[in-house]
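# Results of the structural survey
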Amino acid sequence: MDYTNLQLEENENILIVTINREKALNALNARTMQELMYLFSNDIPERSLKGVVLTGAGPKSFVAGADITEFMSMADGGGQEMAQRGHDVFFAIERSKVPVVAAVNGFALGGGCELAMSCHLRIAGEHARFGQPEVNLGIIPGYGGTQRLIQYIGKGKAMELMLTADMISASEAWQLGLVNKVVASGTEVEEATAIIQKIGAKGPIAIAKTIEAVNAYFEEGKNGFQTEVEAFGETTRTQDFKEGASAFVEKRKANFSGK
Ligand code: CO8
């Protein structure tokens with residue numbers, strides 16, 4: 001696929017993905033959603049990556065939501081299908097076998113907050129602002145926000161943010177557990193890359209299985225404890241486990257092969 005709204009840059013097995021619609025504050029239009037779907041379903045699984053950093057172009061906005069200029073078509077029907085397509089995209093991100101870190105470089109509103117929440121970790125610049133302002137438009141969060149915001153910050157505060165449409169600062173988002181780390185504005189991608197480098201030194205299968213087991217807690221029809229037992233068993237059958245345990249005993253740094 002030719003990417004027109006996503007800019008990709010791969011460096012030392014870390015893929016930096018920039019949503020590149022700065023004039024619209026990187027709002028998620030249909031084309032951008034298609035590109036994200038292809039990227040996470042087809043492109044990323046084919047690459048040998050330590051992880052992915054997801055950010056927005058320019059200093060002002062990560063993603064200011066779904067593209068409101070495309071909303072009018074929903075008034076004649078099709079809104080449910082659009083929400084479903086968005087859910088499919090964000091589940092593809094959440095189920096990525098390599099860690100996806102959101103470098104939140106400004107507004108993360110509506111679909112932008114939902115996109116950040118589908119990533120495994122969130123690094124926010126000091127000036128970042130988070131919110132689910134959909135009720136201002138007479139709609140509700142449609143890309144998983146009603147569910148994932150509760151997972152991160154609990155029902156009471158999530159309900160407040162979604163009912164009032166209030167925005168919160170990066171530091172409040174950190175206090176609530178929505179954000180993993182607040183960093184100086186302009187260093188979000190650098191800091192997100194550093195976290196992926198740290199994770200990239202661990203066993204890749206163990207990382208993938210950790211993501212799978214944690215996600216299982218929230219997935220309907222899955223027993224998280226059973227997923228953990230099976231995933232643990234799988235990791236013990238890998239060369240990575242032999243290497244990790246041997247390296248510890250031999251007092252050296254492990255060199256994982258991902259097998
Ligand atoms: N969609 C389209 N364009 C946008 C969006 C957006 N979400 N946000 C900003 N823009 C555009 C503006 O229209 C403006 O364009 P132009 O220069 O052509 O007039 C440009 O970006 C700059 O924006 P502002 O001039 O408004 O910049 P300010 O600094 O004054 O304000 C704000 C910044 C506060 C971020 C403001 O732009 C704003 O409130 N934006 C809308 C935020 C919002 O409501 N987001 C939620 C959208 S709904 C959603 O995400 C639902 C997700 C689920 C959908 C499921 C089915 C599709």
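Reading the values: the criteria
Residues numbered from 1 in each chain as written. Predicted model: local features only at pLDDT ≥ 70, side-chain atom pairs only at ≥ 80, totals over all residues. Heavy atoms only, no water. Helix = DSSP H or I, 4+ residues; strand = E, 2+ residues; numbered from the N terminus. Contact = heavy atoms within 4.5 Å. Polar contact = N/O pair within 3.5 Å; in protein donor to acceptor, adjacent residues only side chain to side chain. Salt bridge = Lys/Arg side-chain N within 4 Å of Asp/Glu carboxyl O. Buried < 20%, exposed > 50% of the residue type's maximum accessible area, 1.4 Å probe, protein only. Pairing = 2+ DSSP bridges. Axes fitted to C-alpha atoms, helices over the stretch in contact; angles between N-to-C directions. Domains from an automatic or database assignment. Buried area = accessible area lost by both parts, 1.4 Å probe. Nonpolar A, V, L, I, M, F, W, Y, C, P; charged D, E, K, R; others polar. Near = heavy atom within 4 Å. Areas by Shrake-Rupley, 256 points an atom, 1.4 Å probe, with all protein chains shown as cover.

A word on the environment of Thr-235. When you line up the elements, Thr-235 lands in helix H9 (residues 224-236). Put simply, Thr-235 and Lys-259 are 24 residues apart on the chain and 9.6 Å apart in space, counted from C-alpha to C-alpha. Discounting residues that sit within four places of it in the chain, Thr-235 has contacts with Ala-206, Lys-209 and Phe-241. Side-chain polar atoms of Thr-235 contact the backbone oxygen of Phe-232, separated by 2.6 Å.

A few words now on the pattern of salt bridges. On inspection of all chains with the given rule, the structure shows 14 salt bridges. For the salt bridge of Asp-43 with Arg-47, the shortest nitrogen-to-oxygen distance reads 2.8 Å. By relative accessible area, which is 14% here, Asp-43 ends up buried. Between Glu-243 and Arg-252 there is a salt bridge; the shortest N-O distance is 2.8 Å. The network of salt bridges with shared partners includes Glu-10, Asp-43 and Arg-47.

Spatial ordering of the open sheet is given by E1-E2-E3-E5-E7-E10, a layout of 6 strands whose pairing is mixed. Two strands bound the open sheet, and with one partner strand each, they are strand E1 (6-11) and strand E10 (181-183). Taking each pair of neighbouring strands and ignoring which way they run, the sheet shows an average axis angle of 20 degrees. For strand E5 (residues 100-104) and strand E7 (residues 121-125), the ladder comprises 4 bridges, and the chain directions are parallel. By the bridge assignment, Ala-103 is partnered in E7 with Ile-123.

The subject of this paragraph is the domain arrangement of the protein. In many analyses, interface size is given as the accessible surface area lost on bringing the parts together. Domain assignment breaks the protein into domain 1 (6-200) and domain 2 (204-249). Relative placement of domain 1 and domain 2: their C-alpha centres are 26 Å apart. The interface is formed by 9 residues belonging to domain 1 together with 6 residues belonging to domain 2. Summed over both partners, the interface of domain 1 with domain 2 comes to about 630 Å²; 60% of that surface belongs to carbon and sulfur atoms. Our enumeration of links across domain 1 and domain 2 arrives at 1 salt bridge. Its salt-bridge partner being Glu-219, residue Arg-95 comes within 3.3 Å of it at the nearest N-O pair. For the interface between domain 1 and domain 2, the tally reads 2 residue pairs in polar contact (both at pLDDT 80 or more). Here the side of domain 1 that touches domain 2 is composed, by residue class, of 3 nonpolar, 3 polar and 3 charged.

Our focus in this paragraph is the site of the ligand. Not every one of the 23 residues close to the ligand is listed here, only the nearest: Lys-60, Ala-64, Ala-66, Ile-68 and Gly-111. A distance of 2.7 Å is found between an oxygen atom of the ligand and a side-chain nitrogen or oxygen belonging to Lys-60. In the model, a nitrogen atom of the ligand is placed 2.9 Å from a nitrogen or oxygen of the Ala-64 main chain. Within the complex, the protein chains bury 64% of what would otherwise be the 1100 Å² of accessible surface of the ligand. Counting only elements with at least two residues in the shell around the ligand, the list comes to strand E6 (107-109) and helix H3 (111-118). Considering only residue class, the shell around the ligand consists of 14 nonpolar, 4 polar and 5 charged.

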